[in-house]
Amino acid sequence: MKPKRRSESASTLPKAPTGITGLDEITGGGLPAGRPTLVCGSAGCGKTMLAVEFLVRGAVEFGEPGVFMMFEENAAELTANVRSLGFELDKLVKQKKIALDHVHIERSEIEETGEYDLEGLFIRLGHAIDSIGAKRVVLDTVEALFAGLPNHGILRAELRRLFRWLKDRGMTAVITGEKGEASITRYGLEEYVADCVITLDHRVTEQISTRRLRVLKYRGSAHGTNEYPFLIGERGFSLLPITSLRLDHAAPAERLSTGIARLDEMLGGQGVFRGSSVHVSGSQGTGKTSIGAKFADAACRRGERALIFAYEESSAQIVRNMRSIGIDLAPWLEKGLLLIHASRPALSGLEQHLVAMHDTVKAFRPAVVVVDPISNLTLEHSETEVMPTLMRLIDFLKQQQITSLFTSLTTGGSGTSAPEDSQVGVSSLMDTWLLLRNVEFNGERNRLIYVLKSRGMAHSNQVREFVLSDAGIDLVDVYLGADRVLTGTARVAQAAHERSAAELRREDHERKLRQLAAKRKAIEAQIAALNAEGEAEAAEVKFAIAQETLQEKTTQQNSAAMAQLRGGGKGGNAPKKGPR
Amino acid sequence: MNKTKTYELRLYVAGQTAKSLAAFANLQRVCETHLAGQYRIEVIDLVKTPQLAAGDQILAVPTLVRRLPHPIKKIIGDLSNEERVLVGLDVQPVNE
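Predicted model only: the values in this text are computed from it and were never measured.

Student: Which residues make up the overall build of chain A, and what values go with them?
Tutor: Helix and strand content of chain A: 16 helices and 25 strands. For chain A, with 580 residues in total, the buried portion stands at 43%. Counting contacts in chain A only where the partners sit at least 6 residues apart, residues at least 24 apart contribute 70% of the total.

Student: Requested: an account of the overall build of chain B, with residues and values cited.
Tutor: Looking only at helices and strands, chain B has two helices and four strands in total. Taken across its 96 residues, chain B has 43% of its residues classed as buried. Considering only intrachain contacts with a sequence separation of at least 6, the fraction spanning at least 24 residues in chain B is 67%.

Student: Please give an account of the interface of chain A and chain B that cites residues and values.
Tutor: At the interface, 21 residues of chain A touch 30 residues of chain B. Elements that contribute at least two residues to the side of chain A that touches chain B include exactly strand E6 (110-112) and helix H6 (119-132) of chain A. By residue number, the principal contributor to the side of chain A that touches chain B is H6 of chain A, which donates seven residues. The residue makeup of the side of chain A that touches chain B, split by class, is seven nonpolar, six polar and eight charged. Pairing of E6 of chain A with strand E4 (residues 73-76) of chain B involves three bridges; the strand directions are parallel. Note that in E4 of chain B the partner of Glu-111 of chain A across the bridge is Ile-75 of chain B.

Student: Now, about the sheet that holds strand E3 (residues 63-68) of chain B: what can you tell me, with residues and values included?
Tutor: Here we have five strands laid out as an open sheet, ordered E6(A)-E4(B)-E3(B)-E1(B)-E2(B), and mixed in their pairing. Lying at the two open borders of the sheet, with one neighbouring strand each, are E6 of chain A together with strand E2 (39-45) of chain B. Within this sheet the neighbouring strands show an average axis-to-axis angle of 20°, counted without direction.

Student: Which residues make up the pairing of E3 of chain B, and what are the values?
Tutor: Residue and element names in this part refer to chain B. Sheet analysis places strand E1 (residues 7-13) next to E3, joined by five bridges and oriented antiparallel. Each bridged residue has a counterpart across the sheet, and for Arg-10 the counterpart in E3 is Val-65. Examined bridge by bridge, E3 and E4 share four bridges and lie antiparallel to one another. Bridging from a neighbouring strand, Leu-64 pairs with Ile-75 of E4.

Student: Hey, could you go over the sheet that holds strand E16 (residues 306-310) of chain A for me, with residue numbers and the actual values?
Tutor: All names here are of chain A. On the basis of which strands lie adjacent, the open sheet formed by nine strands has the order E17-E16-E18-E19-E15-E20-E21-E22-E23 and mixed pairing. Each edge of the open sheet carries a strand with a single partner, namely strand E17 (338-342) and strand E23 (472-477). Averaged over all neighbouring strand pairs, the angle between strand axes comes to 20°, with direction disregarded. Here strand E22 (residues 464-469) pairs with E23 via six bridges, running antiparallel. Paired with Leu-468 across the bridge in E23 is Ile-473. Here helix H10 (residues 288-301) sits on the sheet and contacts strand E15 (277-282), E16, E17, strand E18 (368-372), strand E19 (403-409), strand E20 (432-441), E22 and E23; the angle it forms with E18, its principal contact strand, is near 165°.

Student: Can you explain the nonpolar core? Please cite residues and give values.
Tutor: Grouped burial of nonpolar side chains is what soluble globular proteins tend to show. Residues and elements named next belong to chain A. By size, the foremost hydrophobic cluster in this structure holds 164 residues, and its most contacted members are Val-137, Ala-296, Ala-306 and Val-370. When residues of this core are assigned to domains, at least three map to each of domain 1 (6-239) and domain 2 (255-483). Ignoring anything within four residues of it in the chain, the contact list for Ala-296 reads Ala-306, Ile-308, Leu-338, Val-368 and Val-370.

Student: Give a description of the environment of Leu-468 of chain A that names residues and reports values.
Tutor: Residues and elements named next belong to chain A. Looking at where Leu-468 falls in the secondary structure, it is placed in strand E22. What makes Leu-468 partly exposed here is the crowd of 17 C-beta atoms within 10 Å. Residues Leu-468 and Ile-291, spaced 177 residues apart in sequence, show a C-alpha to C-alpha distance of 10.0 Å.

Student: Any details on helix H8 (residues 152-168) of chain A? Residues and values, ideally.
Tutor: Residues and elements named next belong to chain A. Spanning 17 residues, H8 covers 24 Å between terminal C-alpha atoms, matching the ideal 24 Å at 1.5 Å per step. Turning to H8, its buried residues are Leu-155, Glu-158, Leu-159, Leu-162, Phe-163 and Leu-166. The buried residues of H8 all sit within an arc of 140° when viewed along its axis, so they share a single face. Along H8, exposed side chains directed more than 90 degrees from the buried face belong to Gly-153, Arg-164 and Asp-168. In this structure, the buried side of H8 is in contact with strand E3 (36-41), H6, strand E7 (136-140), helix H7 (144-148) and strand E8 (172-178). Of the residues one or two after H8, Gly-170 is the one with positive phi, at around 70°.

Student: Outline the confidence of the model for chain B, listing residues and values.
Tutor: The predicted coordinates should not be examined in detail at positions where pLDDT is low. Residue and element names in this part refer to chain B. Overall, the predicted model of chain B reaches an average pLDDT of 83, with 94% of residues at or above 70. Per-element confidence in chain B ranges from a low mean pLDDT of 81 for helix H2 (residues 82-89) to a high of 89 for E1. Under the prediction, the complex receives an ipTM of 0.88, its pTM being 0.66.

Student: Which residues make up the environment of Val-272 of chain A, and what are the values?
Tutor: Residue and element names in this part refer to chain A. If you trace the backbone, Val-272 turns up in strand E14 (residues 272-273). When the C-alpha positions of Val-272 and Thr-258 are compared, they lie 7.0 Å apart, and in sequence the two are 14 residues distant. Apart from residues lying up to four places away in sequence, Val-272 is in contact with Arg-255, Leu-256, Thr-258, Leu-267, Val-278, Thr-403 and Thr-432.

Student: Describe helix H16 (residues 488-566) of chain A, listing the residues and the values that go with them.
Tutor: Residue and element names in this part refer to chain A. Taking 1.5 Å of rise per residue, the 79 residues of H16 would be expected to cover 117 Å, and the 114 Å separating its terminal C-alpha atoms lies within 8% of that figure. Along H16, only three of the 79 residues are buried, which leaves the element largely exposed. All buried positions along H16 are accounted for by Gly-488, Ala-490 and Arg-491. For H16, the elements touching its buried residues are E20, strand E21 (444-454), E22, strand E24 (479-480) and strand E25 (485-486). Once H16 finishes, Gly-567 follows within two positions and takes phi at roughly 105°, a positive value.

Student: Residue-level account of unusual backbone geometry, with values.
Tutor: Note that the residue after Asp-140 of chain A, namely Thr-141 of chain A, is joined by a cis bond; omega there is -20°. Position of Thr-141 of chain A relative to the elements: it lies in the loop between E7 and H7. Residues Leu-68 of chain B and Pro-69 of chain B are joined by a peptide bond in cis, for which omega reads -5°. Mapped onto the elements, Pro-69 of chain B comes out in the loop between E3 and E4.

Student: Go over the confidence of the model for chain A, please, and point to the residues and values.
Tutor: Residue and element names in this part refer to chain A. Residues at a pLDDT of 70 or more form 87% of chain A, whose mean pLDDT is 81. Mean pLDDT in chain A bottoms out at helix H1 (residues 6-12), which sits at 47, and peaks at strand E4 (residues 66-70), which reaches 91. Below pLDDT 50 for its whole length, residues 1-10 participates in 17 contacts with residues either more than four positions away or in separate chains. Considering only residues more than four positions removed or in separate chains, one finds that residues 413-417, a stretch of pLDDT under 50, has nine contacts.

Student: How would you summarise the environment of Ser-257 of chain A if you had to cite specific residues and measurements?
Tutor: All names here are of chain A. Along the chain, the position of Ser-257 falls in the loop between strand E13 (255-256) and helix H9 (261-266). Here the alpha-carbon distance between Ser-257 and Phe-295, two residues 38 residues apart in the chain, equals 7.8 Å. For Ser-257, the contacting residues outside a window of four places in its chain are Asp-264, Gly-271 and Ala-298.

Student: Tell me what's going on with the pairing of E16 of chain A, and back it up with residues and numbers.
Tutor: Looking down a regular strand, the side chains alternate between one sheet face and the other. All names here are of chain A. Within E16, five of the five residues are buried, which leaves the element mostly enclosed by the surrounding structure. Neither face of E16 is exposed, since Ala-306, Ile-308 and Ala-310 on one face and Leu-307 and Phe-309 on the opposite face are all buried. Direction of pairing for E16 relative to E17: parallel, over a ladder of five bridges. Its bridge partner being in E17, Ile-308 is matched across the sheet by Ile-340. The pairing of E16 with E18 spans five bridges and is classified as parallel. For Phe-309, the partnering residue across the bridge sits in E18 and is Val-371.

Calculation criteria
Residues numbered from 1 in each chain as written. Chains lettered and ligands numbered in written order. Predicted model: local features only at pLDDT ≥ 70, side-chain atom pairs only at ≥ 80, totals over all residues. Helix = DSSP H or I, 4+ residues; strand = E, 2+ residues; numbered from the N terminus. Buried ≥ 20, exposed ≤ 12 C-beta atoms within 10 Å, placed from the backbone. Contact = placed C-beta atoms within 7 Å. Nonpolar A, V, L, I, M, F, W, Y, C, P; charged D, E, K, R; others polar. Pairing = 2+ DSSP bridges. Axes fitted to C-alpha atoms, helices over the stretch in contact; angles between N-to-C directions. Core = buried A, V, L, I, M, F, W, Y, C linked by C-beta atoms within 7 Å. Domains from an automatic or database assignment. Expected span 1.5 Å × (residues − 1). Arc of directions from axis to C-beta. pLDDT = per-residue confidence, 0-100.

Dropping the structure here:
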């Protein structure tokens, strides 16, 4: 089914909005205005509730007063029954916005003789309509007349006339009818009310009941033909318009902290986008709930409302457990910033849960929603069922610009299975996917976190160790060894080891420098010594030369003297004789 | 039945239709025949006083309501079958 353009359908057929969540969307604006609509279903499926809400919302929200003509309950009973949904019929009756008329027929006190018609009913209805200027009429359940009046021939003719009459008066009417065995209604009312037929259903599958609504027929208008799950909650009827949702939600650029500074750092330094969906998956005890709680806590710290859907722990238990890691949720609960909606997954079917979530979200208007965990919701459902329903929820949250965090339990258990195995097929719907893993090594189990994907932002590709302590949550860099990442005490040991290694290195350097300085000094000393030696030698050489020069001089003088003494003849050839 | 009882009867009609007129005529005849002097008939035209319809849970017209003696009894139709009217009113027919 494609979503209709409202303007188009409005031009073809005037519609009367019901104000019922979701119903106006699948009918493209409401029930056919000025025409009767048949609402049928088995006992207890919510026909009366639908009718009452149609009337009350018409009177309160759309300024169309209405007449409720009831054939089964009386006015006091009905008023009491719908008070639990927040509808104060008695007040509306006083304000002349709604008129109640209980039509009761006791077969035993009625004798039938001769010709008659149901003009009395017309007169009563007409009177009620005129008294408040009604635009809407509910007949609930007109079929009760079949039990009260023996002459069905007359009754049928009169009902036909009644519906015609309602149409002529321009009343938007809801006529409820009991589901029949072979036909849509037990007495074949669909023969007379042909403009719009809505069926309600209350089915029990695997011991879990789900209410569903279907627009069987809508003459002159396109409409959603699927079965839509609905809920009768504290605020009345609520229908989850699955396929009418469009993929046109806005994408704000505003970023939101996850509450864990180091995690924000991994997500481009600023956290996740507002209105995006975050998926945290991991096996048991990896700290998914803690991340969820921190996320909610961070929202409350910013003064925003946070809503936690808890499907594993009670509200008190979450508060207690989170206190142990330094997250105190109690003040937020007291202030009304935080709401923990805890329920058992088996309480109702998946769709009902989603409708309930829908309702709670609409009422509480949170900025942040945490669902912990979605995997519990899906235990008894096949993936094909889960996908579209979760898609509806996520789309809904996105349309409301609510940032959502879903945790899910991976089925693998150990950290060895591929993370992709574990998902309920929702990964494609999620904008950010954080994966938590347990790593067992060195006699202990540690938690690792990494960002598997995060649309539209630079995000870290690195693994961090996820540490839960009294002081809170922190992410720590892991040490990457040769073949594995080191976490826990191994990481601490490695850190210590590295620290001491650095210390050693530093000392080594200093020692080397000292050695170098000493060596340089030694060399300098040596140079000085050599210099001194050189000078000494030079002095000695000088001295020797001087001595020799002197000696030679002396020798020459001596020889000259001797030659003189010998007389000089042969003296010319005589060899010189030195002292050495 | 006790002959001292008073029958307080109310006939609801919607305008002067053939059925209304027939019902009134039939009722008068039955009462004159079987309840002479012990009855009082009040005719209510719902077209003129529609607000009275809810009080006696009137749906069909014509409807004859026996308000007294208790308990309340109702007969719907134009009262053409005298026997059924008597049964409905819980009146012993006077055998003439």
